[in-house]
Amino acid sequence: MNRSSLDFLKPMFVSHFSDYSILVINQTTQNNLLQSDYPSVRVINSFEKGLSKSRNMALQNAKGELCVIADDDIQYKDDFQEKILRVFNENPDTAIAGFRVVNPEGTLFKKYPKVRLINPDILQLLSIMSVEMVLNKTVIHDEVKFDEKFGLGAQFTMGEEGVFVFNLLNKGFKIIMEPEILLQHPEEHTNLKISVSEKYYVQGAFISKIFDKNYFKWLFVKIFFDLKQGKIKFGDIKTAWRAAAKGKKDLNRI
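Residues numbered from 1 in each chain as written. Predicted model: local features only at pLDDT ≥ 70, side-chain atom pairs only at ≥ 80, totals over all residues. Heavy atoms only, no water.

A. Highlighting the pairing of strand β7 (residues 133-136). Alternating positions in β7 separate into two faces, M133 and L135 on one and V134 and N136 on the other, with burial throughout. Pairing analysis gives 3 bridges linking strand β3 (residues 66-68) to β7, with the strands arranged antiparallel. For C67, the partnering residue across the bridge sits in β7 and is L135. By the bridge criterion, 3 bridges tie strand β5 (residues 94-102) to β7 in an arrangement that is antiparallel. In the strand pairing of β7, I96 is matched with L135. (Buried < 20%, exposed > 50% of the residue type's maximum accessible area, 1.4 Å probe, protein only. Helix = DSSP H or I, 4+ residues; strand = E, 2+ residues; numbered from the N terminus. Pairing = 2+ DSSP bridges.)

Following this line, the structure appears as structure tokens:
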């Protein structure tokens, strides 16, 4: 957002960023426009707000067949292109592949499958983050978009990745989880800073969107695992349940 220089691209790649085909969606204002002097780097200055809107604009205007969603705080490994090509050459009908990510210390960002999984179970699919995704536009075309009600800048500030992947799954697309490391990502995550009420307001909408007929079952599962992992306390359950109900209600109203 509000970038006035392409310098932020420099630490993202081992070689100079102009060696890659890049599309920058810069959400900004009319008096703060970003320009590119590199033929390989295109810029779209957008005057709308919302992470999912930005990603949809990127997908709509992307020229490449295989696309990564590159947040501006990541660093790609020097062999990331070769890893991507190998997976999709072996699985050309794959719509999306989810790769591994490490933190700055070099340890895995989270728990990942140890082997390649094709169409893994729903909980594994819903854990795929946008920076882990490689999208095959020759398969997806324009059939699936990010739900603009979810994601930073939208009413429901999380969950856009899970909704996107679930929509692909529902439409019968092939999805892979690949045990290759693609990039480095900072440990800090926006979701960790929000309150229980804010988090479960979004979770209520998210679970309603994904598991409408089994809403209560999956909300219980979410609360159970958050308790088990120490993310919430027993005293938070009533707050979480009420916030989720409000999120579900507001999504249905929209």
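From this point, things continue past the structure.
B. Here's a closer look at unusual backbone geometry. A positive phi angle, near 55°, is found at N2, a position not held by glycine. With respect to the helices, strands and loops of the structure, N2 is situated in the segment before β1 (22-27). The backbone of H141 shows a phi angle near 55°, a positive value even though the residue is not glycine. Considering the arrangement of structural elements, one finds H141 in the loop between α4 (137-140) and α5 (160-170).

C. Representation of the packing of helix α7 (residues 215-228) against helix α8 (residues 237-253) within the structure. The interhelical angle for the contact between α7 and α8, taken along N-to-C directions, is 140°, at an axis separation of 11 Å. For the element pair α7 / α8, the angle class is oblique. Crossing handedness for the pair α7 and α8: right-handed. Residues Y215, F216, L219, I223 and L227 of α7 touch α8, and the partners they reach there are I237, W241, A244, A245 and K248. (Axes fitted to C-alpha atoms, helices over the stretch in contact; angles between N-to-C directions. Parallel < 35°, antiparallel > 145°, perpendicular 65-115°, else oblique. Left-handed = near helix turned anticlockwise from the far one by under 90°. Contact = heavy atoms within 4.5 Å.)

D. Just the pattern of salt bridges, in detail. Enumeration over the complete set of coordinates arrives at 18 salt bridges. Taking the shortest distance from any N to any O, the salt bridge between D7 and K10 comes out at 3.4 Å. According to the relative accessible area criterion, D7 is partly exposed, its value standing at 45%. Judged by relative accessible area, which is 47%, K10 ranks as partly exposed. The partner of R55 in a salt bridge is D71, with the nearest N and O atoms 3.7 Å apart. You can see R55 sitting in helix α1 (residues 51-61) and its partner D71 sitting in the loop between β3 and β4 (75-76), a full 16 residues away along the chain. Classification of R55 as buried rests on a relative accessible area of 7%. The network of salt bridges with shared partners includes D79, K83, R86 and E180. (Salt bridge = Lys/Arg side-chain N within 4 Å of Asp/Glu carboxyl O.)

E. View of empty space enclosed by the protein. Evaluation of the coordinates by the stated rule reveals 2 cavities of 30 Å³ or more. Lining the largest cavity are N56, L59, Q60, L135, K137, I140, H141, D142, V144 and K145. Among the elements of the structure, α1 and α4 are those that each provide at least two residues to the lining of the largest cavity. Each pocket or cavity is described by its volume, and for the second largest cavity that value is around 50 Å³. Class assignment of the residues belonging to the lining of the second largest cavity gives a composition of 7 nonpolar, 1 polar and 3 charged. (1 Å grid on protein atoms, 1.4 Å probe; cavity = no way out; pocket = protein on both sides within 12 Å on 5 of 7 lines; lining within 4 Å. Points joined across faces, edges and corners; volume = space filled by probe spheres on them. Nonpolar A, V, L, I, M, F, W, Y, C, P; charged D, E, K, R; others polar.)

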